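# Results of the structural survey
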Amino acid sequence: MGQFIERYRDMRNLWEVKNTLFRNKPARKASLEKLLQFVKTQVPDADIEFVEKKIGSLRSTYRKELNKVQASMKSGAAAKDVYVPSLWCYNRMWFLEDQIEARESLSTLPSTLPSTPAEASEDQPGPSILEEVEVPSWSQEDLSQDRLWNVADRRRP
């Protein structure tokens, strides 16, 4: 596995986002094929999907460990309290550290929403939360007529 990681590290177009060949599908496929040939020496029935899953698994595990280390440093803990990664290959995968960043989250809310309730009442017409809203009142006669209509509708074929 250590040799696999080193070969992966040497194929920068598979992990370095700023590499000119990173988005070049034929170049990526060629690199994955080279990795596959190496993997087949250990796992004869391996295929490209197996290699991609192995890479994804390693990256995911490394990312989790990296997040734990960074979180322990941010908490203001003493040097002795900083999380020590338990992943056996953590130090071998250091090259991924600056490649793994959290993406900015995108809001699904419209950008025109007010940021505070006060802005909402100023900008938008209509009753505020504190104002009383007029609720229509129904008389007993109105309600009984509605009931008659519903009963009459049920009798129709």
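Now for a quick tour of the structure. Keep in mind the model is a prediction, meaning the values are calculated, not measured. (Residues numbered from 1 in each chain as written. Predicted model: local features only at pLDDT ≥ 70, side-chain atom pairs only at ≥ 80, totals over all residues. Heavy atoms only, no water.)

### A word on the side chain of Ser31
What counts here: Think of it this way: any DSSP run of H or I at least four residues long counts as a helix, any run of E at least two long counts as a strand, and we number them from the N terminus. We call a residue buried when its accessible area falls under 20% of the maximum for its residue type, exposed when it is over 50%, and partly exposed in between, using a 1.4 Å probe and counting protein chains only. Residue contacts follow a heavy-atom distance rule, with two residues in contact if any of their heavy atoms lie within 4.5 Å.
Inspection of the secondary structure assignment puts Ser31 in helix H2 (residues 25–39). On the basis of relative accessible area, Ser31 is assigned to the buried category, the value being 10%. Ignoring sequence-local partners within four residues, the contact set of Ser31 consists of Met11, Asn13 and Leu14.

### Brief notes about the packing of helix H1 (residues 2–10) against H2
Keep this limit in mind: Note on geometry: axes are C-alpha line fits, over the in-contact stretch for helices, and angles between N-to-C directions span 0 to 180 degrees. Roughly parallel covers angles under 35 degrees, roughly antiparallel covers those over 145, roughly perpendicular covers 65 to 115, and oblique covers all other angles. The crossing is said to be left-handed when, going from far helix to near helix, the turn is anticlockwise and less than a right angle, and right-handed when the turn is clockwise. Just so you know the grouping, Ala, Val, Leu, Ile, Met, Phe, Trp, Tyr, Cys and Pro go in nonpolar, Asp, Glu, Lys and Arg go in charged, and all remaining residues, Gly too, go in polar.
The geometry of H1 relative to H2 is characterised by a closest axis approach of 11 Å and an angle of 165° between their N-to-C directions. Between H1 and H2, the interaxial angle falls into the category roughly antiparallel. Read as a crossing pair, H1 and H2 show a hand that is right-handed. Contact with H1, carried on its side by Gln3, Phe4, Arg7 and Tyr8, involves Leu35, Phe38 and Val39 of H2 and no other residues of that element. The class makeup of the residues in the contact of H1 with H2 is 5 nonpolar, 1 polar and 1 charged.

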